[in-house]
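In case you want the letters, here they are:
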Amino acid sequence: PASPMEVPVVVTSAIDIARQGDVLVAEGTGSISSIAATLGVLHARFWEHDDLSRPWLRDYTIIRPPEWFAERRREFVDRFGEFEPGPARAVFAGVPAALGVIAERWWDVPSTVVHGDLHLDNVVWRADGAPVILDWANCGRGPGVIDLAEVIFGMAGPDQRGPVIGSYLDALRSHGQVVTDTDLVRWLGGALLRWFLFHTFGTARWIPATDRQERMQQDNLMRTQRSLEEWSEVDPGLFEELGQAPR
């Protein structure tokens, strides 16, 4: 823009050659895998890159202080009630333990560029099937698995996660970043906990303005609970660590 008062706008409905994603509409494995592969290429390019030191980039390694969670816990329960007994209830009630496990699992996670607001409304597919990720206003630096968690848990179903993770790893490796399956699952466990905290405590004060936003909020809450339960089969050690961590 020529001045701070001019705001550029992209009207995706006017782009005939592109298909707009929708957070309320499930995508096929191929489409979700293409997003993961695009992320893999992007993350590999900025893997521990010097440009990540730019001061205007958000630091996604910073997590809210305990007081922030305490305030919003009461507000969340007042609006939505308590979770049923299970992994979601344990994580929601044990924030200090969850934060400790995130720190333990991320001790060696490389830093890269992070989109910070990745969901299907921010993706369009070109005519050739290649995804384009939009809305980089919240971009920053931090663990790439923060973005990947939005794909694995916010977009993919349990049967889609294996191929989607494979697409991400293949893209990383083909661009020079060798990450083992074991390390990625360990980092993803930490990202899942962060993703859960973000979509529960972080939504406590958000009042939807439309019916669609109401559906989005409810869908997110169901996904957060379901994803923890499903991931316990992939990474049972995550929940053992939670049980052993200080509270």
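Residues numbered from 1 in each chain as written. Predicted model: local features only at pLDDT ≥ 70, side-chain atom pairs only at ≥ 80, totals over all residues. Heavy atoms only, no water.

Undergrad: An account of the overall build of the protein is needed here, citing residue identities and associated values.
TA: On a plain count of helices and strands, the protein comes out with nine helices and six strands. Since a compact globule built from 247 residues should have a radius of gyration of about 18 Å, the 18 Å found for the protein is in line with a globular shape. Once the C-alpha set of the protein is aligned to its principal axes, its extents read approximately 50 × 45 × 40 Å. The buried share among the 247 residues of the protein stands at 43%. As presented, the protein carries roughly 12800 Å² of accessible surface, and 55% of it is formed by carbon and sulfur atoms. Side chains of the protein carry 23 positive and 35 negative charges; the gap between the two charge centres is 3 Å. (Helix = DSSP H or I, 4+ residues; strand = E, 2+ residues; numbered from the N terminus. Rg over C-alpha atoms; globule rule 2.2 N^0.38 Å. Buried < 20%, exposed > 50% of the residue type's maximum accessible area, 1.4 Å probe, protein only. Areas by Shrake-Rupley, 256 points an atom, 1.4 Å probe, with all protein chains shown as cover. Lys, Arg positive; Asp, Glu negative; His and termini not counted. Charge placed at Lys NZ, Arg CZ, Asp CG, Glu CD.)

Undergrad: Can you lay out the nonpolar core for me, pointing to particular residues and giving the numbers?
TA: Note on soluble globular proteins: their nonpolar side chains tend to be buried together. Core analysis: the biggest nonpolar cluster contains 58 residues, and Val-151, Leu-184, Leu-188, Leu-193 and Leu-197 have the highest contact counts within it. Among the elements that line this core, the one with the most residues is helix α7 (residues 181-200), at nine residues. Here Leu-188 is in contact with Val-145, Leu-148, Ala-149, Ile-152, Phe-153, Ile-165 and Trp-231, once residues within four sequence places are set aside. (Core = buried A, V, L, I, M, F, W, Y, C linked by side-chain atoms within 4.5 Å. Contact = heavy atoms within 4.5 Å.)

Undergrad: Please provide a residue-by-residue account of helix α4 (residues 95-105), values included.
TA: Along α4, the residues classified as buried are Val-95, Ala-97, Ala-98, Val-101, Ile-102 and Arg-105. Around the axis of α4, the buried residues are gathered within 160° of arc, so they sit on the same side. In this structure, the buried side of α4 is in contact with α2 (66-80), α3 (87-93), α7 and α9 (236-244). (Arc of directions from axis to C-beta.)

Undergrad: Give a description of the sheet that holds strand β5 (residues 131-133) that names residues and reports values.
TA: Read across the open sheet, the three strands follow the order β1-β4-β5; overall the sheet is antiparallel. The two strands at the open ends of the sheet, each matched to only one other strand, are β1 (19-20) and β5. As defined by bridge partners, β1 adjoins strand β4 (residues 123-125) across two bridges and the pair is classed as antiparallel. Across the sheet, Arg-19 pairs through a bridge with Trp-125, a residue of β4. Seen against the sheet, helix α1 (residues 29-45) touches β1, β4 and β5 and runs at an angle of roughly 55° to β5. (Pairing = 2+ DSSP bridges. Axes fitted to C-alpha atoms, helices over the stretch in contact; angles between N-to-C directions.)

Undergrad: Let's hear about α2: which residues, and what values?
TA: Between its terminal C-alpha atoms α2 stretches 21 Å, which fits the 21 Å expected from 15 residues at 1.5 Å a residue. Taken together, the buried positions of α2 are Trp-68, Phe-69, Arg-72 and Phe-76. In the segment just after α2, Gly-81 is the residue with positive phi, at about 85°. (Expected span 1.5 Å × (residues − 1).)

Undergrad: Any chance you could break down the packing of helix α8 (residues 211-234) against α9 for me, citing the residues and the numbers?
TA: The description of two packed helices rests on the angle between their axes and on the distance between the axes. Look at α8 against α9: their axes get within 5 Å of each other, and the N-to-C directions meet at 110°. In terms of orientation, α8 lies roughly perpendicular with respect to α9. Here Leu-228, Trp-231, Ser-232, Glu-233 and Val-234 of α8 come into contact with α9, specifically with Pro-236, Leu-238 and Phe-239. Looking at the contact of α8 with α9 residue by residue, the class counts come to six nonpolar, one polar and one charged. (Parallel < 35°, antiparallel > 145°, perpendicular 65-115°, else oblique. Nonpolar A, V, L, I, M, F, W, Y, C, P; charged D, E, K, R; others polar.)

Undergrad: Which residues make up the packing of aromatic side chains, and what values go with them?
TA: Going through the model one piece at a time under the given rule, you end up with ten aromatic pairs. Each ring, one from Phe-76 and one from Phe-80, has its centre 4.9 Å from the other, and the planes form 45°; the classification is tilted. On the criterion of helical spacing, the pair formed by Phe-76 and Phe-80 is a turn pair, its members being four residues apart in helix α2. Phe-80 sits in the partly exposed class, given a relative accessible area of 25%. For the pair Phe-83 and Phe-196, a centre-to-centre distance of 5.6 Å together with 45° between the ring planes defines the contact as tilted. A residue pair is termed long-range when its members are at least 10 positions apart, and Phe-83 in the loop between α2 and α3 and Phe-196 in helix α7 qualify at 113 residues. When its relative accessible area of 9% is taken as the criterion, Phe-83 is described as buried. The rings of Trp-68, Phe-69, Phe-76, Phe-80, Phe-83, Phe-92, Phe-196 and Phe-201 are connected pair by pair, giving a single aromatic cluster. Taking the ring centre of Trp-125 as reference, the NZ or CZ of Arg-19 above it sits at 4.3 Å. (Phe/Tyr/Trp six-rings, centres within 6.5 Å; stacked < 30°, edge-to-face > 60°. Lys NZ or Arg CZ within 6 Å of the ring centre and 35° of its normal.)

Undergrad: Summarise empty space enclosed by the protein; cite the residues concerned and give the values.
TA: If you walk through the whole model with that rule in mind, you get two cavities of 30 Å³ or more. Its volume calculated, the largest cavity comes out at about 40 Å³. The wall of the largest cavity is formed by Trp-47, Val-109, Pro-110, Gly-144, Val-145, Tyr-168, Leu-172, Leu-184 and Trp-187. The set of elements that each furnish at least two residues to the lining of the largest cavity consists of α6 (161-174) and α7. Along the lines of polarity and charge, the residues of the lining of the largest cavity split into eight nonpolar, one polar and no charged. Every element with two or more residues in the lining of the second largest cavity is listed here: α5 (145-154) and α7. (1 Å grid on protein atoms, 1.4 Å probe; cavity = no way out; pocket = protein on both sides within 12 Å on 5 of 7 lines; lining within 4 Å. Points joined across faces, edges and corners; volume = space filled by probe spheres on them.)

The quantities given are spatial measurements derived from coordinates; they are silent on function.
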